[in-house]
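Each chain, letter by letter, is given below.
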Amino acid sequence: MVDSEALWRKALYGPSGFFTRGAVPADHFRTAPLVGPELAEALLVLLDRVDFGLGRPARLDFVDVGAGGGELSATVRSMASGSLAARLAVTAVDVGPSRSVPGVRWTSSLPSSVCGLLVGHEWLDAVPCPLVTGPLSDPWLDRWWPVGAGEQAEVGAPRDAVWADAVSRVRGAALAIDYGHVLADREAGRYASGTFAAYRDGRRVEPVFDGSCDLTAHVALDACAAAAGGDWVLVSQRDALAALGMVGTVDAGVGLEWLTAAERASRIAELRAEGGLGSFGWLLHGMDVPVSSLLPPLPPWRP
Ligand SMILES: C[S@@+](CC[C@H](N)C(=O)[O-])C[C@H]1O[C@@H](n2cnc3c(N)ncnc32)[C@H](O)[C@@H]1O
């Protein structure tokens, strides 16, 4: 039997793998950190709430797992201000080539402990997992993605494991932001063809396991949530950004001031677009900090 997880892993992270060779999203697709500074700005609002919940410790971490080109880390570092800026330690974690980002520590493995906010932005979708065709019985599939005859699915257990491990290292909060699905829609057969896909140079292409393209699949974020456990919420990026003050209205101003506000509003609209980045899931775990102190009650995510 073909070990699809091993093939996928080698294609992305083997010696000549796609990410090992240094591919970054900026070369192949658009992710939220590339839209503009607004995602980082919202995460700094969240970080401030985490900081408050932790009693404003002498050192506060922001850890960006699966940092790619380091854009999110760089923007968080440069936008941090006041007392937080002086106490903030920004770490970018990626298994790809190390990059030089001013004020950011770059590493290939997760820190043993994190006091602050850990973010995995489009990290989990890049974690390889087995690709299967039903009918098949497997503990993870039986619980999270029942597959009928001829249906395809991805076994999310490896994502659950890495996410649970990352969250277990954190005091403060851990946040996974990704595209994905929930049990009700998987059970209803909405993903009966699976979600495994490949991208190269900004285009969706036929998946090949030769390191020439990004290989990805949607994330069963509800399964990741249950694996990591504790106090968590799973909400849409659209709602989470609004709750962190990102609504993108152009209230006033003329000339350049108006133009700047309008540009910002259009970037926020892109981050909050239904069916686009706004339909990404935000899985937020509060660790020694109640999640209710980080975000107000919001509707559950249903992409
Ligand atoms: C789709 S890219 C996202 C990059 C960036 N966060 C963004 O949104 O623009 C996924 C990244 O996760 C990294 N990655 C995958 N598994 C990892 C792991 N176990 N530890 C650290 N980085 C990992 C890959 O090398 C790749 O750079």
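Provided above is the structure to which this section pertains.
Residues numbered from 1 in each chain as written. Predicted model: local features only at pLDDT ≥ 70, side-chain atom pairs only at ≥ 80, totals over all residues. Heavy atoms only, no water.

Student: I'd like a rundown of the nonpolar core, residues and numbers included.
Tutor: Ranked by internal contacts, the top residues of the largest apolar core, which has 46 residues, are Leu39, Leu43, Phe62, Leu175 and Trp282. Considering each element in turn, this core owes the most residues, eight residues, to helix H4 (residues 38-53). Each residue touching Leu43, except ones within four places of it in the same chain, is listed here: Phe62, Leu72, Leu117, Val119, Leu175 and Trp282. Core analysis: the second largest hydrophobic core is formed by 24 residues, Val63, Leu110, Leu283 and Met287 among them. (Core = buried A, V, L, I, M, F, W, Y, C linked by side-chain atoms within 4.5 Å. Buried < 20%, exposed > 50% of the residue type's maximum accessible area, 1.4 Å probe, protein only. Helix = DSSP H or I, 4+ residues; strand = E, 2+ residues; numbered from the N terminus. Contact = heavy atoms within 4.5 Å.)

Student: So what's going on with the packing of aromatic side chains? Which residues, and what values?
Tutor: Scanning the entire structure with this criterion turns up six aromatic pairs. Summarising the aromatic geometry, the rings of Phe18 and Phe19 are spaced 5.1 Å apart at their centres and angled 75 degrees between planes, so their arrangement reads as edge-to-face. Neither Phe18 nor Phe19 differs from the other in exposure class; each is buried. Cluster of aromatic residues (ring-pair linked, three or more members): Trp8, Phe196 and Phe209. If you follow Arg143 out to its NZ or CZ, it ends over the ring of Trp144, 3.8 Å from the centre. (Phe/Tyr/Trp six-rings, centres within 6.5 Å; stacked < 30°, edge-to-face > 60°. Lys NZ or Arg CZ within 6 Å of the ring centre and 35° of its normal.)

Student: Outline unusual backbone geometry, listing residues and values.
Tutor: Following Gly134, the chain continues into Pro135 via a peptide bond in cis, with omega recorded as 5 degrees. Inspection of the secondary structure assignment puts Pro135 in the loop between strand S5 (131-133) and helix H7 (139-144). Residue Glu122 is not a glycine yet carries a positive backbone phi of 50 degrees. Mapped onto the fold, Glu122 is located in the loop between strand S4 (114-121) and S5. Positioned with a positive phi, Asp201 is a non-glycine residue whose angle comes to about 50 degrees.

Student: If you had to explain the sheet that holds strand S7 (residues 170-178) to someone new, which residues and values would you point to?
Tutor: Reading across the sheet, the seven strands line up as S3-S2-S1-S4-S7-S14-S13 and stay open at both edges, with mixed pairing between neighbours. Edge positions in the sheet fall to strand S3 (104-107) and strand S13 (231-236), since each of these pairs with one other strand and no more. The average angle at which neighbouring strand axes cross in this sheet is 15 degrees, direction not considered. H4 rests against strand S1 (60-65), strand S2 (88-93), S4, S7 and strand S14 (281-287) of the sheet, and its axis sits at about 150 degrees to S4. Lying on the sheet, helix H5 (residues 71-79) is in contact with S1, S2, S3 and S4; it crosses S2 at an angle near 170 degrees. (Pairing = 2+ DSSP bridges. Axes fitted to C-alpha atoms, helices over the stretch in contact; angles between N-to-C directions.)

Student: Run through the pattern of salt bridges, naming residues and quoting values.
Tutor: In total, this model carries 15 salt bridges according to the counting rule given. With its nearest N and O atoms 3.6 Å apart, the salt bridge here joins Glu38 to Arg264. Taken together, the positions of Glu38 in helix H4 and Arg264 in helix H12 (residues 255-271) put the pair 226 residues apart, joining distant regions of the chain. On the basis of relative accessible area, Glu38 is assigned to the buried category, the value being 1%. (Salt bridge = Lys/Arg side-chain N within 4 Å of Asp/Glu carboxyl O.)

Student: Please provide a residue-by-residue account of the pairing of S2, values included.
Tutor: Extensive coverage of S2 is indicated by the burial of six of its six residues. Judged by which residues are buried, S2 turns out to be covered on both faces: Leu88, Val90 and Ala92 on one side and Ala89, Thr91 and Val93 on the other are all buried. Inspection of the sheet shows S1 paired to S2 by six bridges, in the parallel sense. Bridged to Val63 within S2 is Thr91.

Student: Mind laying out helix H8 (residues 157-168), listing which residues take part and the relevant values?
Tutor: The terminal C-alpha atoms of H8 lie 16 Å apart, and with twelve residues this matches the ideal 16 Å at 1.5 Å per residue to within 8%. Taken together, the buried positions of H8 are Pro158, Arg159, Asp160, Trp163, Ala166 and Val167. (Expected span 1.5 Å × (residues − 1).)

These values are about where atoms sit, not about what they do.
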